[in-house]
Amino acid sequence: MAPACVRPLLRYRSSAILFLTPLLLLPLPLAVPTREAKCGYVIIVMAVYWCTEVIPLAVTSLMPVVFLPLLGVRSAKSVSLQYLNNTNMLFFGGLIVAISVEHWKLHKRIALKVLLFLGVQPALLMLGFMIVTAFLSMWISNTATTAMMVPIIQAVLDQLDSTEHDVAVMEQAAGQTNTVIELEEKSTSVSTAENVVSNEQVPDDPRSSEEKKKRKHIRKGMTLCVCYAASIGGTATLTGTGPNVVLKGQMNQLYPNNNDIVNFASWFGFAFPNMVLMLALAWLWLQCSFMGFNLKKSWGCGKEKTSREKAAYNVLKEEMKKLGSVSYAELNVLLLFALLVLLWFTRNPGFVKGWASWLFKGGEKYITDAVPAMFVALLLFILPAQKPTFTAWNPSKSDPEQTEKDIKPFLSAPLLEWNAVQRKMPWSIVLLLGGGFALADASANSGLSAWLGRQMTPLGSIPPWAIATVISLIIAVFTECTSNVATATLFLPVFASLATSIRIHPLYVMLPATLSASFAFMLPVATPPNAIVFSYGHIRVLDMVKSGIVMNVIGVLSVTLAINTWGRPMFGLDTFPAWANTTTKQ
């Protein structure tokens, strides 16, 4: 119990934080009336609001538009431009394509196809769920992917349990019949036989409780694997999750002459192998924790499908049958999605000239990843959802009573309508990104970033790999209780200042921090996927914490390996780049 004097404060906690935070911090800009101090004041207040969520995250993100101009840090025009900059338009375009995939249930068809292909042995089933979830999370939101996958898992596991129960009842009935026959043949205690037949029960088998415990563990592992795979999969693409987009925007904001070092292709080349490694290690960990690593049992080596596995396979087939055949709209969305990915990869591959340079004069300067994203998004609002009807008009055969409504238009409704986008678009994330970019811009232009860099100069004696590892650990812990986008937004400018002050490549510390911001595996409140899985009631907080601690260690070790191996030559991390040095001087 809290002391009596503290209870009123707990009761009015949100109001106290909301009003007391800016008041208690007010001496900072008053005592030190510099632009750096005023910018720091706004950032600290917003950091407290973001961490405590006393007001919605998106509402906090609008504060720079008010307070930065009032305090004379940046003009309202400069601040407002950050809310729909190039990076936000890339994210916005990617989200529209993701919404179209969800709208036509293309993601569900892909998921079921892969699961049917891989099979339903316990280990393969878990691996299948993780691969599908991770792949879909690369392109659509982690929350939407988890919300779609968990009911499928639920249906499969329920079918496995009910089939096992039916088999047990049948075996039990057969056992009872045999018991009665034996009792009659031997003419032993008739009362025992009557009791067995009348109650239709046999003594409890100790194996049944073990089976129940085992099924419970399998259910926990199967549900946890989805939320973990969703968080891991989102790290593989630039638009997969918020922190990745924050890094892209912060790099453009803090280092405008960075030669587009972080683009879709370069990010994928670095993050995708890391995602595969993490996914494999996560699968092994969950497999050992909840199922036991028995090769013959888990993989079904050298044995036929059991009735449980056949039933689970039939559930997936039934779900697939409900979707029907591939529609014209689904095919169009799939082609547009493939076109977008192709345009992203070939815009500026790095080792050869991309289409932006070949087809358009000065294209490498004017065209960014946002251009193909918005191009495909526009096509979704134009191309029809049904095949165009080519019917020639014949005046002699026309019905005079036919109205204009009865005449089918040449083009049907488009693949995507604005109402669907308005309903499903996570506007709060768009505003959150914008608020972060506004703070980064203010921090760079007010001199706060340079001041922070000067304070961290003594850290130059520590090896860069050690700094990167410590940063990964700090962010992985911090992101458990704060939004991953807010975490990246708050810390990335600080780490950029650290890098420029000790003259190491900014990406050496910013890449690990960005990836670690998505490693929220320990608590149900850490991410929406965790909350969705927890809401089904199969796992306790302690289960998630125990599994999540190891998952965080796996994540930090994987990122440390990635940044110190293939990350070094890919981004030239061994040298301090000229574009970072120029920005510092400015």
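Each value, and the rule that gives it
- Residues numbered from 1 in each chain as written.
- Predicted model: local features only at pLDDT ≥ 70, side-chain atom pairs only at ≥ 80, totals over all residues.
- Heavy atoms only, no water.
- Helix = DSSP H or I, 4+ residues; strand = E, 2+ residues; numbered from the N terminus.
- Buried < 20%, exposed > 50% of the residue type's maximum accessible area, 1.4 Å probe, protein only.
- Polar contact = N/O pair within 3.5 Å; in protein donor to acceptor, adjacent residues only side chain to side chain.
- Contact = heavy atoms within 4.5 Å.
- Expected span 1.5 Å × (residues − 1).
- Axes fitted to C-alpha atoms, helices over the stretch in contact; angles between N-to-C directions.
- Parallel < 35°, antiparallel > 145°, perpendicular 65-115°, else oblique.
- Left-handed = near helix turned anticlockwise from the far one by under 90°.
- Nonpolar A, V, L, I, M, F, W, Y, C, P; charged D, E, K, R; others polar.
- Salt bridge = Lys/Arg side-chain N within 4 Å of Asp/Glu carboxyl O.
- Core = buried A, V, L, I, M, F, W, Y, C linked by side-chain atoms within 4.5 Å.
- pLDDT = per-residue confidence, 0-100.
- Phe/Tyr/Trp six-rings, centres within 6.5 Å; stacked < 30°, edge-to-face > 60°.
- Lys NZ or Arg CZ within 6 Å of the ring centre and 35° of its normal.
- 1 Å grid on protein atoms, 1.4 Å probe; cavity = no way out; pocket = protein on both sides within 12 Å on 5 of 7 lines; lining within 4 Å.
- Points joined across faces, edges and corners; volume = space filled by probe spheres on them.

Overview of the side chain of Gln 82
Within the secondary structure, Gln 82 is located in the loop between α7 (76-81) and α8 (86-103). For Gln 82, a relative accessible area of 10% translates into the label buried. Polar side-chain contacts of Gln 82 include one of 2.5 Å to the side chain of Gln 253. Beyond its immediate stretch of four places on either side in the chain, Gln 82 contacts Asn 88, Gln 253, Gly 434, Phe 437, Ala 438 and Asp 441.

Focus: helix α4 (residues 35-52)
Relative to the 26 Å expected for 18 residues at 1.5 Å per residue, α4 spans 26 Å between its end C-alpha atoms, a close match to the ideal helical length. Every buried residue of α4 is listed here: Ala 37, Cys 39, Gly 40, Tyr 41, Val 42, Ile 43, Val 45, Met 46, Ala 47, Tyr 49 and Trp 50. Downstream of α4 by one or two residues, Glu 53 has phi in the positive range, about 55 degrees.

Let's talk about the environment of Val 470
Inspection of the secondary structure assignment puts Val 470 in helix α25 (residues 464-478). The class of Val 470 is partly exposed, set by a relative accessible area of 44%. As a C-alpha pair, Val 470 and Thr 560 span 90 residues in sequence and 9.8 Å in three-dimensional space.

Notes on the packing of α8 against helix α18 (residues 328-347)
Direction vectors running N to C along α8 and α18 enclose 155 degrees, while the axes themselves pass 10 Å from each other. Considering the angle they form, α8 stands roughly antiparallel to α18. Crossing handedness for the pair α8 and α18: left-handed. Every residue of α18 that contacts α8 at Leu 90, Val 97, Ser 100 and Val 101 is listed here: Val 333, Phe 337, Leu 340 and Trp 344. A per-class count over the contact of α8 with α18 returns seven nonpolar, one polar and no charged.

Quick look at the pattern of salt bridges
This structure, assessed with the given rule, holds 11 salt bridges. Between Glu 319 and Lys 108 there is a salt bridge; the shortest N-O distance is 3.4 Å. Of this pair, Glu 319 sits in helix α17 (residues 307-323) while Lys 108 sits in helix α9 (residues 106-118), and the two are 211 residues apart along the sequence. Glu 319 gets classed as buried once you look at its relative accessible area, which sits at 16%. Across the pair Asp 543 and Arg 540 runs a salt bridge, and its minimum N-O distance is 3.3 Å. The class for Arg 540 is partly exposed, based on a relative accessible area of 48%.

Observations regarding the nonpolar core
In this structure, Phe 129, Met 130, Met 222, Met 251 and Leu 507 are the most contacted members of the largest nonpolar core, which totals 154 residues. Looking at this core, the element that brings in the most residues is helix α15 (residues 264-290), giving 12 residues. The residues contacting Met 130, other than those within four sequence positions of it, are Cys 225, Ala 229, Leu 279, Ala 282, Trp 283 and Leu 286.

With respect to the confidence of the model for the chain
With 83% of its residues at a pLDDT of 70 or more, the chain shows a mean pLDDT of 83. Predicted confidence for residues 183-204 stays below pLDDT 50, and this span has 12 contacts to residues more than four positions away or in other chains.

Let's talk about the packing of aromatic side chains
Under the counting rule described, the total for this entry stands at 17 aromatic pairs. Their ring planes at 40 degrees and their centres at 5.8 Å tell us that Phe 92 and Trp 427 sit as a pair that is tilted. In this pair, Phe 92 sits in helix α8 while Trp 427 sits in helix α23 (residues 427-446), placing the two residues 335 residues apart along the sequence. Since its relative accessible area comes to 35%, Trp 427 is described here as partly exposed. Three or more aromatic residues link up through ring pairs in this structure, and these residues are Phe 135, Trp 139, Phe 264, Phe 268, Phe 272, Phe 337, Trp 344 and Phe 345. Across from the ring centre of Trp 358, 5.8 Å away, lies the NZ or CZ of Lys 353, which sits over that ring.

Observations regarding the environment of Thr 560
Tracing the backbone through its elements, the reader meets Thr 560 in helix α29 (residues 541-564). C-alpha of Thr 560 to C-alpha of Thr 469: the two residues are 91 residues apart in sequence and 6.1 Å apart in space.

As for the layout of surface pockets
As a volume, the second largest pocket reaches approximately 700 Å³. As for the second largest pocket, its lining consists of 32 residues, and the residues nearest its centre are Thr 143, Ile 429, Asn 484, Val 485 and Pro 528. If you list the elements that add at least two residues to the lining of the second largest pocket, you get α8, α11 (142-186), α23, α26 (484-502) and α28 (528-535).

Some details on the packing of helix α14 (residues 242-254) against α26
Closest axis-to-axis distance for the α14/α26 pair is 9 Å, and the angle between their directions is 30 degrees. As the angle between them shows, α14 and α26 are arranged roughly parallel. In this structure, the crossing between α14 and α26 has a hand that is right-handed. Taking contact as the criterion, the partners of Gly 242, Pro 243, Val 246, Leu 247, Gln 250 and Leu 254 in α14 are, on α26, Asn 484, Val 485, Ala 488, Thr 489, Leu 492, Pro 493 and Ala 496. A class-by-class count of the residues in the contact of α14 with α26 yields nine nonpolar, four polar and no charged.

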